[in-house]
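# Examination of the molecular architecture
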Amino acid sequence: MSAQSVADKCAELPVFNAELEGDETERSYDLVLKPVNPIDGVDQYWPLFNSGSEAEQFGNMLFKFNGKKGTFVLNLTLDLSEVPDLQFAKSTGQGQDGIKGLTQNFKHEFKAQAEKNDDHKYTKLKVTIKNKDAEEDTYSFLWQCTTAGGADFISGDPRAKIDPE
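Residues numbered from 1 in each chain as written. Predicted model: local features only at pLDDT ≥ 70, side-chain atom pairs only at ≥ 80, totals over all residues. Heavy atoms only, no water.

Summarising the sheet, strand 6 (residues 71-78) and strand 10 (residues 122-130) pair through seven bridges and their orientation is antiparallel. Bridging across to strand 10, Val73 finds its partner in Thr128. Bridge count for strand 9 (residues 110-116) against strand 10 is seven bridges, and the pairing is antiparallel. What sits directly across from Gln113, in strand 10, is Lys126. (Pairing = 2+ DSSP bridges. Helix = DSSP H or I, 4+ residues; strand = E, 2+ residues; numbered from the N terminus.)

Put into structure tokens, the structure is as follows:
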């Protein structure tokens, strides 16, 4: 799937809106990422949805801080029903497991830590997003997973945004 095809697919889906409300300084979400096998060697869009509601898929992400310093935590779980031998990649650098930032300063506000399940596979990913500089930021990234044969890169969010206001 080309980058434009991924962007088009994500644009068709609802935006995942995360927002700090009232006196909140932290908010957590439980999400599922469902890997799909490539078709004719071409990677496909992997659905991202709320845990417990597969019908509620998301394309792009928006993190609204409402003028506060705060944190969003995304607890992602891989749904291995279609691709059972996959797991989140462990990065060689700190805080970038399972994701690959494509835009400059991606590490500035996103941190990701893979966690093992009972089978000793990295099927859980904790992504932390912090508002550090009170400026709107736009990010592009890929979810990064591995198999026994190497790395599979698939689309993450082509238009993720941080809105500090």
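The structure having been displayed, the exposition proceeds.
To continue, consider the sheet that holds strand 4 (residues 53-58). In spatial order, the strands read 4-3-2-6-10-9; together these six strands make up an open sheet with mixed pairing. Lying at the two open borders of the sheet, with one neighbouring strand each, are strand 4 and strand 9. When strand polarity is set aside, the average angle formed by the axes of neighbouring strands in this sheet is 35°. (Axes fitted to C-alpha atoms, helices over the stretch in contact; angles between N-to-C directions.)

The subject of this paragraph is the environment of Val73. With respect to the helices, strands and loops of the structure, Val73 is situated in strand 6. Taking the relative accessible area as the measure of exposure, Val73 reaches 6% and is therefore buried. (Buried < 20%, exposed > 50% of the residue type's maximum accessible area, 1.4 Å probe, protein only.)

What follows is about the state of the cysteines. In this structure the tally under the stated criterion is zero disulfides. In this structure Cys10 is a free cysteine whose sulfur lies 15 Å from that of Cys145, the closest cysteine sulfur available. A relative accessible area of 0% means that Cys145 is categorised as buried. (Disulfide = S-S within 2.5 Å.)

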